[in-house]
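Understanding the architecture of this molecule
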Amino acid sequence: MAHPRQAHYDHVAALLQPLGSVFGTDLTGASLKKSFDEFLANNELEIALHVACDFLLHAQLKPVEGAILARIEAAHEAMLLKDDCVNKLRSPSSP
């Protein structure tokens, strides 16, 4: 028997899946991508989202735009998460 919220989990997982592309191929990115994929596979969706957000916040000094930001925002909304991740990604502070 499927979990009563399986459709919701599937929806959020579909929002998160494309975020795997943000990690790149260097050693750190590949390691974080592996963790992201494991969290996603185990329905640890909030943790997967925050792995991607944290990576983007630490890897870039410019704002995240377009489809990636839209997916991150949609995932936050779908999970009813209230944090400042999206705002920080729109306009990260200088080091």
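This structure is a prediction, so every number in the text was calculated from the model and none was measured.

**Digging into the confidence of the model for the protein**
Residues of the protein with pLDDT of at least 70 account for 93%, and the chain-wide mean is 89. Of all helices and strands in the protein, the one with the weakest mean pLDDT is helix α5 (residues 85-90) (89), whereas helix α2 (residues 27-41) scores best (95).

**Remarks on the nonpolar core**
Counting residues in each nonpolar core, the largest one holds 25 residues, and the members touching the most others are L16, F36, L49, I72 and L89. Elements represented by at least two residues in this core include exactly α1 (6-16), α2, α3 (45-59), α4 (66-78) and α5. Looking at which element gives the most residues to this core, the answer is α3, with eight residues. In this structure I72 touches L19, L49, C53, L56, C85, V86 and L89, once residues within four positions along its chain are discounted.

**What about the packing of α1 against α3?**
One can describe the packing of α1 onto α3 by two numbers: an axis separation of 10 Å at closest approach and a directional angle of 15 degrees. Of the possible angle classes, the one that applies to α1 and α3 is roughly parallel. In this structure, α1 meets α3 at a crossing whose hand is left-handed. Across the interface between the two elements, Y9, V12, A13 and L16 of α1 pack against L45, A48 and L49 of α3. For the contact of α1 with α3, the per-class residue count stands at seven nonpolar, no polar and no charged.

So, how was this worked out
- Residues numbered from 1 in each chain as written.
- Predicted model: local features only at pLDDT ≥ 70, side-chain atom pairs only at ≥ 80, totals over all residues.
- Heavy atoms only, no water.
- pLDDT = per-residue confidence, 0-100.
- Helix = DSSP H or I, 4+ residues; strand = E, 2+ residues; numbered from the N terminus.
- Core = buried A, V, L, I, M, F, W, Y, C linked by side-chain atoms within 4.5 Å.
- Buried < 20%, exposed > 50% of the residue type's maximum accessible area, 1.4 Å probe, protein only.
- Contact = heavy atoms within 4.5 Å.
- Axes fitted to C-alpha atoms, helices over the stretch in contact; angles between N-to-C directions.
- Parallel < 35°, antiparallel > 145°, perpendicular 65-115°, else oblique.
- Left-handed = near helix turned anticlockwise from the far one by under 90°.
- Nonpolar A, V, L, I, M, F, W, Y, C, P; charged D, E, K, R; others polar.

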